[in-house]
Amino acid sequence: MLEVKNLTVVYNGVISVLHGVSLEAREGAITALLGGNGSGKTTLMRAISGILTIYEGEIQEGNIELAKIKLNHLKAVDITKKLHLTYLMEGRPVFEYLSIRENLIAAASCRWDSAVPKDMERVLAFFPPLKNRMQSKAGYLSGGEQQMLAMGMALMTNPRFLLLDEPSLGLAPIMVKEIFKVISRINRERKIDILLSEQNAMVALRISSYAYVMENGRVVMDGSSIELIENADIQEAYLGSKDAGKKDYKEAKRYKRRKRWLG
Ligand SMILES: Nc1ncnc2c1ncn2[C@@H]1O[C@H](COP(=O)(O)OP(=O)(O)OP(=O)(O)O)[C@@H](O)[C@H]1O
Ligand SMILES: [Mg+2]
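Residues numbered from 1 in each chain as written. Chains lettered and ligands numbered in written order. Predicted model: local features only at pLDDT ≥ 70, side-chain atom pairs only at ≥ 80, totals over all residues. Heavy atoms only, no water.

A.B. asks: Tell me about the coordination of the magnesium ion (ligand 2), and please be specific about residues and values.
C.D. replies: For the magnesium ion (ligand 2), the full set of protein donor atoms is T42 (OG1) and E90 (OE), and the range of their distances to it is 2.0 to 2.5 Å. Taken together, the positions of T42 in helix 1 (residues 41-49) and E90 in the loop between strand 6 (85-88) and helix 3 (100-107) put the pair 48 residues apart, joining distant regions of the chain. Since its relative accessible area comes to 33%, E90 is described here as partly exposed. (Donors = N, O, S within 2.8 Å, 3.2 Å for Na, K, Ca; no water. Helix = DSSP H or I, 4+ residues; strand = E, 2+ residues; numbered from the N terminus. Buried < 20%, exposed > 50% of the residue type's maximum accessible area, 1.4 Å probe, protein only.)

Here it is, written out as structure tokens:
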């Protein structure tokens, strides 16, 4: 289980971005992290994966634990290599000038062992469109295929815990559906726990069991995903309920919240 307690993060020593964030991502589960632009989702994932310093960021207060091991001062490489937590950054990070095969091999460089070739077959089984194009340069793939490759690379690091940062960003709805099906399968079949950040709330809530909503560096709501799908504020903010256009006085407060979440 991943536990974040009362986490405060500052960039450049002054810009306070996370203000006492607490959450849990339970073993075996997909946990969703919802929130609009700039709400702090990526910053939280950078803190968990140990790469905040690259961005001049720093944990000022709080605690991050994975299976009761404190991560706060561990190096990113140890968090991935020894504790098997991998962070797949937003924006489909692939090496554009390398082929699919080379990208997958590069991702496995942190663990090179004799199981890598066999593992590549296992990983490719999740992504049939990649399998027949192993020599293609990653830069020529579609956005959806690049996201598949990026996820394949994350799997090649042999994770037990995955942080996925906005995997649906910029993808066509049909591709989003495909990607989320695979995320769900990876969780079930590979027994990998997942913390998933998303602005696309409906798809994230459908495949997760629990969700947190962030706003301005704070968790403002949490609950089981089934509960949140039914929640009126969530419906208005993210899902476009049938009354979303109605903005009478009674609705004003909710409308304001919706505006805040949408950024
Ligand atoms: N390296 C940095 N230095 C200073 N401020 C930063 C840095 N990175 C992010 N921020 C600020 O921190 C806040 C949270 O940003 P973050 O990227 O964590 O949000 P997010 O929820 O991931 O947003 P998005 O959905 O747009 O990816 C924003 O106000 C952003 O401008
Ligand atoms: Mg982000």
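A.B. asks: Outline helix 4 (residues 116-124), supporting the account with residue identities and numerical values.
C.D. replies: Here helix 4 has its buried residues at V116, D119, M120, V123 and L124. All buried residues of helix 4 project into a common sector of 135° when viewed along the axis, lining one side. Those residues of helix 4 that are buried are in contact with helix 3, helix 5 (128-131) and helix 6 (143-156). (Arc of directions from axis to C-beta. Contact = heavy atoms within 4.5 Å.)

A.B. asks: Help me get a handle on the sheet that holds strand 5 (residues 69-70), residues and values and all.
C.D. replies: Across a sheet, strands are paired by hydrogen bonds formed along the backbone, either parallel or antiparallel in direction. With antiparallel pairing, 4 strands are arranged side by side in an open sheet as 2-1-4-5. Bordering the open sheet on either side are strand 2 (15-25) and strand 5, each of which pairs with just one other strand. Inspection of the sheet shows strand 1 (residues 2-11) paired to strand 2 by 8 bridges, in the antiparallel sense. Along strand 2, the bridge assignment pairs V4 with L23. Those strands touched by helix 1 are strand 1, strand 2 and strand 4 (57-66), and its axis lies near 110° from that of strand 1. (Pairing = 2+ DSSP bridges. Axes fitted to C-alpha atoms, helices over the stretch in contact; angles between N-to-C directions.)

A.B. asks: Describe the site of ligand 1, naming the residues involved and giving the relevant values.
C.D. replies: Inspection of the region around ligand 1 gives 17 residues, with G38, K41, T42, T43 and E166 positioned closest. E90 has a polar side-chain atom sitting 3.0 Å from an oxygen atom of ligand 1. Mapped onto the shell around ligand 1, the elements with two or more residues apiece are strand 2 and helix 1. For the shell around ligand 1, the leading source of residues is helix 1, giving 4 residues. Here the shell around ligand 1 is built from residues that sort into 4 nonpolar, 9 polar and 4 charged. (Near = heavy atom within 4 Å. Polar contact = N/O pair within 3.5 Å; in protein donor to acceptor, adjacent residues only side chain to side chain. Nonpolar A, V, L, I, M, F, W, Y, C, P; charged D, E, K, R; others polar.)

A.B. asks: So what's going on with the pattern of salt bridges? Residues and values would help.
C.D. replies: Within this structure, the stated rule accounts for 9 salt bridges. We note a salt bridge from K41 to E166, for which the minimum N-O separation is 3.6 Å. On the criterion of sequence distance, the pair formed by K41 in helix 1 and E166 in the loop between strand 7 (161-165) and helix 7 (173-189) is long-range, its members being 125 residues apart. The same class applies to K41 and to E166, which are both buried. Through salt bridges with shared partners, one network takes in E3, K5 and K68. (Salt bridge = Lys/Arg side-chain N within 4 Å of Asp/Glu carboxyl O.)

A.B. asks: Let's hear about the sheet that holds strand 3 (residues 30-34): which residues, and what values?
C.D. replies: Ordered by their spatial adjacency, 6 strands build an open sheet running 6-7-8-3-9-10, and the pairing between neighbours is mixed. Both edges of this open sheet fall to strand 6 and strand 10 (218-224), since each of them pairs with a single strand only. Here the average twist between neighbouring strands, direction ignored, is 15°. The strands that helix 6 touches are strand 6 and strand 7; relative to strand 6, the one it contacts most, it runs at about 165°. Seen against the sheet, helix 7 touches strand 3, strand 7 and strand 8 (193-198) and runs at an angle of roughly 155° to strand 8.

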